[in-house]
Amino acid sequence: MANGRRKLRLSKIYSFRCGKKSFMDNQSLIGEPGFSRVVYCNDPSCFEASISRYPGNYVRSTKYTLVTFFPKSLFEQFRRVANFFFLVVGILAFTPLAPYTAVSAILPLTIVVGATMVKEGIEDWRRKKQDDDVNNRKVKVHKGNGAFEHTEWKHLRVGDIVKVGKDEFFPADLILLSSGYEDAICYVETMNLDGETNLKLKQALDVTSSYRNDGSFRDFKALVKCEDPNANLYSFVGNMEFEEQHHSLSPQQILLRDSKLRNTEFIYGVVIFTGHDTKVIQNSTDPPSKRSRIERKMDKIIYVLFGILFLMAFTGSIIFGIKTKDDLHGSRMKRWYLKPDDARIFFDPERAPFAAIYHFLTVLMLYNGLIPISLYVSVEVVKVLQSMFIGHDINMYYEETDKPAYARTSNLNEELGQIDTILSDKTGTLTCNSMEFIKCSIAGTAYGHGVTEVEKAVAKRNGSPVRVNGNDQKENSANVDINSYIKGYNFIDERITGGSWVNEAQMGIIQKFLRLLAVCHTAIPDLDPKTGKVSYEAESPDEAAFVIAARELGFEFYKRTQTSVSLIELDPVSREKTERVYEVLNVLEFNSSRKRMSVIIKDEEGKLLLLCKGADSVMFERLAENGREFEDETRKHVNEYADAGLRTLIIAYREISAEEYEAFDKKFKEAKNLVSADRETIIDEATELVERDLILLGATAVEDKLQQGVPETIDKLAQAGIKIWVLTGDKLETAINIGFACSLLRQGMKQILINLDAPGIRELEKMGDKDAIIQASKSSVLQQIHDGKNLIKSSSSEVFALIIDGKSLVYALQDDIKDMFLELAVKCASVICCRSSPKQKALVTRLVKLGTGKTTLAIGDGANDVGMLQEADIGIGISGVEGMQAVMASDIAIAQFRFLERLLLVHGHWCYRRISSMICYFFYKNLTFGFTVFLYEAYTSFSGTPAYNDWYLSLYNVLFTSLPVITLGVFDQDVSARYCLKFPSLYQEGVQNLLFTWRRIIGWMLNGICSGIIIFFLCASALEPQAYNNDGKTAGRDVLGPIMYTCIVWVVNCQMALSISYFTLFHHIAIWGEIGLWYVFLLVYGNMSSTFTTTGYKIFVETLAPYPFYWLITLCVVIASLVPYISYKSIQMNFFPTYHGMIQWIRHEGHLDDSEYINMVKQRSLNRSTVGFTARTLARTNPLIGSTHRRR
């Protein structure tokens, strides 16, 4: 910029957030609780600053430190009841009560806990490396005498002056003092904070904007008083005392840590918040802890096993005590080999009660094999690997944005296969959130021939041609040549395109309309020096579409300063393009309560104009009496646009006198400079002074197109029996038409509408009696809910959709009505809640989750969806264009809604089945092993004698049965992905939890008990009556134990092989490798020192392997143990096939081309359908069948 340029005065471009005025002490909160921070700028070492003890700028996101890792991690591990039990057993193993050596008891626990701690440590070390990378970044810091030196971020202090260069991140929360621009502006990218890619414009206070070089900060001193650290990214309250003057600070001067400086050479700033006080760290709270239903049930099963364990130990101890008391009768000893006459407590007949107690503790240790010590760590490993497969699924990779699916937590994988209800946002989730300007209404005339997707869907539904502006329209007539396509602009109307608007009768109004679109916004133009083309950084896709539309229709916005916008306009008289500059005096920003945005400008003729655009619900009531000339036509067009699924805004303006503006500006400045609790209220009161008596110009209509594959995905999810609710902020008509376009609603479906548009309520609203309005509204909503329930009862063969607006939802969610509302909603095939606030979305989600007791999934893409995502059992974030806040709050992130189909129907079904089968198998193999130990101990008069060598007991779960169960959890597929999608009803197995019911769990437990009984009695019976080898020796514990153990290893691994539906190389390696590992272990372990191996010394080489009887027993016992399971599965497959079993037969028997058989299989699934399933599948093929089914 030229040095002689007149210095621009303080920006008013973001007038809600900046300005200057003397500080008002009488309304100030500074110094009060929550507003106590004092910053000594450029003097962080002064005494006053040192006593504040503000934290440093070092940031730590790790869970542990070097000092706390072991104690804290161990505490986390032993909070699990199973690990704590094994810790107690390990401690008892050091006492004489132990039936085995202490080392063999401690080693498995050490391996399991150690593996989990290593995993935790690795994850935390990675976080530590990331922290170090950030903390060791460098920034220039003022060290005195105008000298700036590079300093690591972690050494920054509150009050430091820093200099940040272009494309660098801000190291802490700063107050902007000046920048490379003379008017002290800078552009900031906040993607790391809120995910938004559009640039934000910031500006320093006028009084510090002249400090634009290093030397100027030699003697700079200022005092900042402001709010205490908090998590609010979009507000800031404070003031700066500089040169004995107070200057109000606002979010316009705040640069937040982890934001990036863009399009600006440098800035100077003072540090106000450091480290964990910064707003980005304050916002980085952990999401709510979520545990899957299966995991919670798994804990209950562990408790059941503990109950079985204690029951077995208690029963054995009672019997042992009775037998011990009866051992010694005078000089006769029944169990002479136990030497009861020389016993010390354990077998002392005179102290039988104590012997029973000690026996109880002994067998608690002996039977600990019933508890699966490696269950938790195995499940964790499997879930992590499952999450990796989800992330690497090429079918869920979105190439356009280079975003794969990403599981942010692996705790909930199996929940993906149990979703009963999906609650979805609309904009950016079902739609692209990429707005296109397609139609408009100007001076009561509708313009734009474009055909929306909703209009096409409505025409198809009605079997009539598409009509646009009263004329038939071919669908392809509105298609734009792909070579001339302009993003954000799909407007076709020869009456006003190409400059033709100058020939229209209402040319003057059209000119004002287009000029308003080009001026009333906060977009930032970005000129490409190579191409000369202008692109725009806008705060929303809607705003970008308006500016682009204005440019294409002759009003190009190309330049912005802090006090002006420059346009190149088409002059209607000369038909030439001319440059015009409009001075921007104020911008009254849009927010959710105002629902409108205004700018106050001064044109080149000196006229003061207020340009306003906003929602119809707030704009029509602000029109002047002489500004309603086109109101009826505009309302009609707005309703038509809503029917077409378009988003609409009303466009209006007014001229302001100088006196009126001065009065407004005075009050507005006073309001915006307040540091008080009612600041926003006073600002709203000030804006009301000018946002009135508007003159209507027209309305805009932009289309938010459906994402690719949304109708097909919703249809497939509905076939899977999943209920879908849409929670949107759109108008009721728009929401309904979007519902038809995405197949959520269909022709023939009866709609139950709940709203508060009754004439009586409207009259009360005009009268303003709030109590009467509340009473009448609540009564109306309650009556409509009762009417809806009665309608459903009286029409059992009909299919219903429930549509409710936000006002009605306020009352429907009250404690005394919400249960009735939910009862009505779950009986409907589809539910749409329109005009919903973010809080209502979260409350509806909570109601469905708690009220139905079923698994819920929420999916959204914006910050307004965060509450809903965190409230649901599973939150899915769409990484779209509304930022990353939804993704950061989600459990799983995907790029497109259509990927939800594969995520649930394929990965969800697989994960649910794998985890369920894996846990059931764990309990099976542990009960098989544990019951052989129990039966042998009973066989030896409950003497506490172990059936197996110490190390056999210890390594069963850790070494010989661990890998097959992990491969089952990671790789098994009951049916392929293709069949999962072809037969979506298969998903209902998870929704109804058919694979993890108590019946199935107990069935697997009984299978384990049965296998244990068969193994023990067959082995014991085969070895007991005769000599085991040619030397005439009988089999003792040292022989019976290894033989039973061999049979167990074979049985449980062969049982795994029978349970697997889809064999891979990993399955074969794991199953047969584990069996082979047992024999290798026998060889290696048997050749160690006899003092270490005890009964295992050379047992395999000398006693087992050489004798055919050992191999014969193994073969016979394995076959006999598997016969019950094989028999059960054969009967089930032939006479009571499950749904997935029927699909497996299709694959194996080659029935894929047999449409009659496939239809029979699909019809079989209808017996287990949920509400809404038959309505959306049968009605498209044979409504009569659907009706028959519903009556049944």
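Bear in mind the structure is a predicted one, so any value in this text is a computation, not a measurement.

### Observations concerning the nonpolar core
Among the nonpolar cores identified, the biggest contains 110 residues, and Y367, Y948 and W1078 are the most heavily contacted of them. At 16 residues, helix α26 (residues 899–939) tops the list of elements feeding residues into this core. Inspection of this core shows a minimum of three residues originating in each of domain 2 (285–360) and domain 5 (918–1149). Every residue in contact with Y367, bar those within four places of it in the chain, is listed here: L309, M312, A313, V933, F934 and E937. Counting residues in each nonpolar core, the second largest holds 76 residues, with I509, C612, I650 and A699 among its members.

### Section: the sheet that holds strand β1 (residues 37–41)
Read across the sheet, four strands follow the order β1-β8-β9-β10 without closing on themselves; strand pairing throughout is antiparallel. In this open sheet, the two edge strands, each paired with only one partner strand, are β1 and β10 (245–249). For this sheet, the mean inter-axis angle between neighbouring strands, taken without regard to orientation, is 20 degrees. Both β1 and strand β8 (residues 222–226) contribute to a ladder of five bridges, which runs antiparallel. Looking across to β8, one finds that V38 is bridged to K225.

### Some thoughts on the confidence of the model for the chain
For the chain, mean pLDDT is 83; residues scoring 70 or higher make up 85% of the total. Note that pLDDT drops below 50 for residues 1–28; the model gives that stretch 91 contacts with residues more than four away or on any other chain. Low pLDDT, under 50, characterises residues 1166–1192; the stretch is placed with 59 contacts to residues that sit more than four places away or in other chains.

### A look at the pattern of salt bridges
The final tally for this structure, using the stated rule, is 46 salt bridges. The salt bridge partner of R647 is D542, with a shortest N-O separation of 3.3 Å. With R647 in strand β29 (residues 647–656) and D542 in helix α12 (residues 541–552), this residue pair connects regions lying 105 residues apart in the sequence. R647 sits in the partly exposed class, given a relative accessible area of 27%. Residue classification places D542 among the buried positions, given a relative accessible area of 15%. Each of the salt bridges in this network shares a partner with another, and the network as a whole consists of R515, E569, D571, R580 and E604.

### Points about unusual backbone geometry
Despite not being glycine, N42 shows a phi value in the positive range, around 70 degrees. Residue position: N42 is located in the loop between β1 and α1 (47–50). Positive phi, close to 50 degrees, is recorded for D693, a residue that is not glycine. With respect to the helices, strands and loops of the structure, D693 is situated in the loop between α16 (679–688) and β30 (695–706).

### Some details on the environment of Q988
Along the chain, Q988 falls in helix α30 (residues 988–991). Considering only alpha carbons, one finds Q988 and Q418, 570 residues apart in sequence, at a separation of 7.7 Å.

### Observations regarding the environment of G554
With respect to the element layout, G554 can be found in the loop between α12 and β24 (555–560). With 17 residues separating them in the primary sequence, G554 and D571 have C-alpha atoms 8.9 Å apart. With residues up to four places along the chain from it excluded, the contact list for G554 reads I568, E569 and L570.

### Section: the packing of aromatic side chains
Going through the model one piece at a time under the given rule, you end up with 56 aromatic pairs. Their ring planes at 80 degrees and their centres at 5.0 Å tell us that F85 and F306 sit as a pair that is edge-to-face. With F85 in helix α3 (residues 81–92) and F306 in helix α7 (residues 293–325), this pair connects stretches of sequence that are 221 residues apart. Assigned by exposure class, F85 and F306 land together as buried. Note on Y979 and F983: the rings are 6.3 Å apart at their centroids and 5 degrees apart in plane angle, and the pair reads as stacked. Residues Y979 and F983 agree in their burial class; the two are buried.

### Topic: the side chain of S410
By the element assignment, S410 lies in the loop between β16 (406–407) and β17 (419–424). Exposure remark for S410: the relative accessible area of 18% places this residue in the buried category. The contact partners of S410, leaving out residues within four places of it in the chain, are K383, V384 and S387.

### Section: helix α15 (residues 658–672)
Because each turn of an α-helix spans 3.6 residues, side chains separated by three or four positions in sequence point in the same direction. With 15 residues, α15 ought to run about 21 Å at 1.5 Å a step, and its terminal C-alpha atoms sit 21 Å apart, in line with that. When we look at burial in α15, the residues that qualify are Y661, F664, D665, F668, A671 and K672. With its buried residues spanning 130 degrees around the axis, α15 presents them on a single face. Every exposed residue of α15 that faces more than 90 degrees away from the buried side is listed here: E659, E662 and K666.

### Observations regarding the side chain of T855
Inspection of the secondary structure assignment puts T855 in strand β35 (residues 855–860). On the basis of relative accessible area, T855 is assigned to the buried category, the value being 3%. A polar atom in the side chain of T855 sits 3.2 Å from the side chain of R293. Polar contacts involving the side chain of T855 include one to the main-chain carbonyl oxygen of Q418, which spans 3.5 Å. In this structure T855 touches R293, E415, Q418, I419, D420, T421 and D873, once residues within four positions along its chain are discounted.

### Remarks on the sheet that holds strand β18 (residues 431–442)
Strand order in the open sheet formed by nine strands is β19-β18-β30-β29-β28-β27-β26-β25-β24, and the pairing between neighbours is antiparallel. Of all the strands in the sheet, just β19 (445–447) and β24 have a single pairing partner and so form its edges. Each strand axis lies, on average, 30 degrees off the axis of its neighbour in the sheet, ignoring direction. With seven bridges connecting them, strand β25 (residues 564–570) and strand β26 (residues 577–588) associate as antiparallel partners. Looking at the pairing, V565 lines up with Y582 of β26.

### Overview of helix α17 (residues 710–719)
For α17, the tally of buried residues reaches eight of 10 residues, placing the bulk of the element in the interior. Taken as a whole, α17 has its buried residues at V710, T713, I714, D715, K716, L717, A718 and Q719. Two residues or fewer past α17, G721 is found with a positive phi of approximately 85 degrees.

### Notes on a nonpolar patch on the surface
On the surface, V1080, L1083, V1084, M1088, F1092 and V1101 cluster together into a nonpolar patch covering about 490 Å² of accessible area. At three residues, the largest contribution of residues to the nonpolar patch is made by helix α33 (residues 1065–1086). For M1088, the location among the structural elements is in the loop between α33 and α34 (1090–1093).

Quick notes on the rules
Residues numbered from 1 in each chain as written. Predicted model: local features only at pLDDT ≥ 70, side-chain atom pairs only at ≥ 80, totals over all residues. Heavy atoms only, no water. Core = buried A, V, L, I, M, F, W, Y, C linked by side-chain atoms within 4.5 Å. Buried < 20%, exposed > 50% of the residue type's maximum accessible area, 1.4 Å probe, protein only. Helix = DSSP H or I, 4+ residues; strand = E, 2+ residues; numbered from the N terminus. Domains from an automatic or database assignment. Contact = heavy atoms within 4.5 Å. Pairing = 2+ DSSP bridges. Axes fitted to C-alpha atoms, helices over the stretch in contact; angles between N-to-C directions. pLDDT = per-residue confidence, 0-100. Salt bridge = Lys/Arg side-chain N within 4 Å of Asp/Glu carboxyl O. Phe/Tyr/Trp six-rings, centres within 6.5 Å; stacked < 30°, edge-to-face > 60°. Expected span 1.5 Å × (residues − 1). Arc of directions from axis to C-beta. Polar contact = N/O pair within 3.5 Å; in protein donor to acceptor, adjacent residues only side chain to side chain. Patch = residues over 30% accessible without salt bridge, like charges linked within 9 Å, V, L, I, M, F, W, Y side chains within 5 Å. Areas by Shrake-Rupley, 256 points an atom, 1.4 Å probe, with all protein chains shown as cover.

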